[in-house]
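Topology and contacts: notes
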Amino acid sequence: MQQNNQDAVLLELLKDGSAEAFTTVYNKYHRILMSLATDMLKDDNKAEDLIQEFFIDFWQKKSFLKIDVNYQNRDRASIMKCYLYASVRNRCLNKITREKKFTSVIPDEPFLPNDPLESKEIYTQVNTALKSKVPPKSSTAFRLRHYDQKSHKEIAEEMNTSIQTVKNQIGTAVKILRGYFSPAHL
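Counting restarts for each chain, with residues numbered from 1 along the sequence as it is written. With pLDDT at 70 or above as the cut-off, local features in this predicted model cover only qualifying residues; side-chain atom pairs require 80 or more to be listed or tallied, and sums for whole chains, interfaces and linings still use all residues. Computation of side-chain values covers all heavy atoms of the structure but excludes hydrogens and water.

Observations regarding the nonpolar core
- Core analysis: the largest hydrophobic core is formed by 25 residues, its most contacted members being Val25, Phe58, Met80 and Leu84.
- Broken down by secondary-structure element, the contributors of at least two residues to this core are helix 1 (2–15), helix 2 (19–41), helix 3 (44–60) and helix 5 (79–105).
- Think of it this way: any DSSP run of H or I at least four residues long counts as a helix, any run of E at least two long counts as a strand, and we number them from the N terminus. In terms of residue count, helix 2 provides more of this core than any other element does, eight residues in total.
- By definition in these notes, contact holds between two residues if any of their heavy atoms fall within 4.5 Å. Residues in contact with Leu84, not counting those within four places in the same chain, are Val25, Tyr29, Leu33, Phe54 and Phe58.
- The definition of a nonpolar core used throughout is a set of buried Ala, Val, Leu, Ile, Met, Phe, Trp, Tyr and Cys residues joined through side-chain atoms within 4.5 Å. Buried means the residue's accessible area, taken with a 1.4 Å probe over protein chains only, is under 20% of the maximum for its type, while exposed means over 50%, and partly exposed covers the values in between. Listed in part, the 14 residues of the second largest apolar core include Val126, Val134, Leu144 and Val174.

See the structure below:
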């Protein structure tokens, strides 16, 4: 009970701008929030980065000022703990969602059909869609990856751009092609 009362006092001190209160909150919750993030992200380095970014935002953006607003129906003594847990959990979920969305849009391997007739038909259909629906740079990146079987690094060098830009361009092409070849469109 005394520990929860300490959080209520810390919250008031934070609202008064106390850097010492921030340090106390950091020291008190860093390890347990790190454990939560590591469990969710399954990666110590990503978890540590996320926790550091959270605490930076918590202090610099004065996120603690939102605590009363977001947790009006909670016991005042437990609102900080709830806020910290919920914030870190949401950041982890957002990170997981972004990573899944990014990896599901961009295939890792070049597309190679087994049947030569299927290959020619698919090639013709995809080529038509690439010419008419996909932006030129995305189309070029897609062709280099899936037709020429070049790595992201090789494509980046050839197109004189970054690897991330190449991945984004291929992702754009794949997204457009998926929409174009979806059952609703056909």
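Side note on the packing of helix 2 against helix 3
- Note on definitions: angles span 0 to 180 degrees between N-to-C directions of axes, and those axes are lines fitted to C-alpha atoms, for helices only across the stretch in contact. For the pair helix 2 and helix 3, the least separation of the axes is 9 Å and the interaxial angle reads 150°. For the element pair helix 2 and helix 3, the recorded crossing hand is right-handed. Packed against helix 2, whose contacting residues are Ala19, Phe22, Val25, Tyr26, Tyr29, His30, Leu33, Met34, Ala37, Thr38 and Leu41, the element helix 3 presents Asp44, Lys46, Ala47, Glu48, Leu50, Ile51, Gln52, Phe54, Phe55, Phe58 and Trp59 at the interface.
- Put simply, Ala, Val, Leu, Ile, Met, Phe, Trp, Tyr, Cys and Pro go in the nonpolar bin, Asp, Glu, Lys and Arg in the charged bin, and everything else, Gly too, in the polar bin. Across the contact of helix 2 with helix 3, the residue classes tally to 16 nonpolar, three polar and three charged. Less than a right angle of anticlockwise turn of the near helix away from the far helix marks a crossing as left-handed, whereas a clockwise turn marks it as right-handed.

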